[in-house]
Structures are given as C-alpha cells and as structure tokens.
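Below are the chains, spelled out letter by letter.
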Amino acid sequence: MKYAILFFFLGLNELVTAQINYSDSLIQIRREKEEHLLDTAGHVLNQEDLTHFKSLHYFHIDTNYIVQAIWKKDVGKRFKMPTSTDRMPVYRRYGYVYFEIENKACTLTVYQNMKLKKKKEFKNYFFIPFRDETSGIHTYGGGRYLDVSIFENQAILKIDFNLSYNPYCAYSHRYSCPIPPSENTLKIPIISGEKTPIYYE
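What counts and what doesn't
Residues numbered from 1 in each chain as written. Predicted model: local features only at pLDDT ≥ 70, side-chain atom pairs only at ≥ 80, totals over all residues. Heavy atoms only, no water. Disulfide = S-S within 2.5 Å. Buried < 20%, exposed > 50% of the residue type's maximum accessible area, 1.4 Å probe, protein only. Helix = DSSP H or I, 4+ residues; strand = E, 2+ residues; numbered from the N terminus. Polar contact = N/O pair within 3.5 Å; in protein donor to acceptor, adjacent residues only side chain to side chain. Contact = heavy atoms within 4.5 Å. Salt bridge = Lys/Arg side-chain N within 4 Å of Asp/Glu carboxyl O. Core = buried A, V, L, I, M, F, W, Y, C linked by side-chain atoms within 4.5 Å. pLDDT = per-residue confidence, 0-100. Pairing = 2+ DSSP bridges. Phe/Tyr/Trp six-rings, centres within 6.5 Å; stacked < 30°, edge-to-face > 60°.

### Regarding the state of the cysteines
Counted under the stated rule, the structure contains one disulfide. A sulfur-sulfur separation of 2.2 Å characterises the disulfide bridge that pairs Cys169 with Cys177. Across the S-S bond of Cys169 and Cys177 the torsion is about 105°, and the bridge reads as right-handed. Residue Cys169 shares its accessibility class with Cys177, and that shared class is buried.

Shown next, in the form of structure tokens:
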C-alpha cells in the first residue's frame, strides 16, 4: 500500500512539474510576441500604431482548453476567403476536428492556404480561424486563429486554445486578415488564449 501511495505522489509531482514547465514556456512565447510587436525594427507596428497600443492581454492559462480532437480529413474545393480588406487569398477546406469542451460537442473546419502549400516548410501547416461567444466582448471581434500541424494517417489532433492568437488586424488597421467563415463560430465561450489588446486611454 505504501508503494502505491508513493507512486501516486511521484506521478502527481511529475504532473505538477509538467504543468509548470508548460506555463513557463507559454509565458515565454507570449513575452517574445509582445517584444516583437513593440520592436519598431520588426515593422509590425509603426509609430502611429504604438501611440495607441499598450500591451497584449490574455486569459489565464487553463489546461482544460487543451483538447484531443478527432481529426477527419475531407478536402474541399478551392475558394477565396474574405478578409478585412478586398484581398481574397485562396484556401481550401482540408478537414474537420471534433472535440468536447465542458461536455459540449464542437466542430471546427481546418483550412489550407494554397499559396503556402507550395512551400516545403509549410507542407504540414494548417489554419483554424474561429469565433466564439467571447468575440467582440473579451476578445477581438474579427475572431482568433490557431495554427496546427497535421500528418498523414493522423487520427487525433491536439488543439490548444491557450495558443489561440489575434490577427495583426487587432493591433493595426494596416493589415488584411482572413475573416473566420460562419461555420467556424463556436456556440460556447473559449475562455483561453489571447484577449483584446490593452490600449492607452
């Protein structure tokens, strides 16, 4: 019995350590993103943008928003995805992910950018733009994005909403950003990932 208790606490300690390491790595990713935005040499935000932008803003890190989704490949026809400008990049549906959050069944469509598809380094890169019940309230009204890697014969796909991020349009009107198709509107709040940025009053 004492060995079972020992193994339990050892396992618990490993779990806590893993969660701490995960949180630290995510905080570092967020810090680097903010530094990149604030670096005028990076040319993401110009001086005019920076007079309004104060900092990034996030929900608390919550591992309940890391889900193991069922992946189903279902390639569709090419189409022009609307953006915040008149630019119309070409995408295609690549498939669907099915998962549950708080006992609610959810589905999101996964897309592939046809221009990026031609580049070797983006062979396994796919795009999930989405809206949810926080959009326009706590998060950017134009929706948020997730990037995922998918490989042949993959059946399960890890979706980490803590990594959901704003398009550049959330920080500056100078950018053109894909608008999530209506089918990718979740009927639940995703209280995870990036929120609306904080601006100077």
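Having seen the model, we can carry on.
### A word on the side chain of Ser172
Following the sequence through the fold, Ser172 ends up in the loop between β8 (156-160) and β9 (198-199). Overall, Ser172 belongs to the buried group, its relative accessible area being 3%. Within the structure, Ser172 has its side chain in polar contact with the side chain of Asp49 (distance 3.1 Å). Leaving out residues up to four positions away in the same chain, Ser172 has contacts with Leu45 and Asp49.

### A few points about unusual backbone geometry
The residue Asn103 is not glycine, and still its phi comes out positive at about 65°. Relative to the helices and strands, Asn103 resides in the loop between β4 (90-101) and β5 (104-113). Take Asn103: its relative accessible area is 73%, and that puts it in the exposed class.

### Things to note about the pattern of salt bridges
As enumerated under the stated definition, the model contains five salt bridges in all. One salt bridge in this structure joins Lys73 and Glu152, with 3.6 Å as the shortest N-O distance. Taken together, the positions of Lys73 in strand β2 (residues 66-73) and Glu152 in the loop between β7 (144-149) and β8 put the pair 79 residues apart, joining distant regions of the chain. Assessed through its relative accessible area of 44%, Lys73 is described here as partly exposed. The class of Glu152 is exposed, set by a relative accessible area of 59%.

### Examining the nonpolar core
By size, the foremost hydrophobic cluster in this structure holds 23 residues, and its most contacted members are Val97, Phe99, Ile159 and Phe161. Those elements that provide at least two residues to this core are β2, β4, β5, β6 (125-130), β7 and β8. Ignoring sequence-local partners within four residues, the contact set of Phe99 consists of Val67, Ala69, Lys104, Ala105, Cys106, Leu108 and Phe161. The next biggest cluster of nonpolar side chains, apart from the first, holds 16 residues, and it includes Leu50, Met81, Ala170 and Tyr171.

### Quick look at the confidence of the model for the chain
Overall, the predicted model of the chain reaches an average pLDDT of 90, with 91% of residues at or above 70. Here residues 2-10 scores under 50 on pLDDT; set against residues more than four positions off or in separate chains, the count is zero contacts. Taken as a whole, residues 12-16 scores under 50 in pLDDT and shows zero contacts with residues more than four places along the chain or in a different chain.

### Focus on the pairing of β2
Examined bridge by bridge, β2 and β8 share five bridges and lie antiparallel to one another. Considered in β8, the bridge of Val67 is made with Ile159. Bridge count between β2 and β4: four bridges; the pairing is antiparallel. Bridging across to β4, Trp71 finds its partner in Val97.

### Let's talk about the packing of aromatic side chains
The relation between two aromatic rings is expressed through the spacing of the ring centres and the mutual angle of the planes. If you walk through the whole model with that rule in mind, you get 13 aromatic pairs. Here Tyr94 and Phe126 contribute two aromatic rings whose centre-to-centre distance is 4.2 Å and whose plane-to-plane angle is 25°, an arrangement assigned as stacked. With Tyr94 in strand β4 and Phe126 in strand β6, this pair connects stretches of sequence that are 32 residues apart. Residue Tyr94 is classed as buried on the basis of its relative accessible area, which comes to 10%. Among the aromatic residues, those joined into a cluster by ring pairs are Phe53, Tyr168, Tyr171 and Tyr175.

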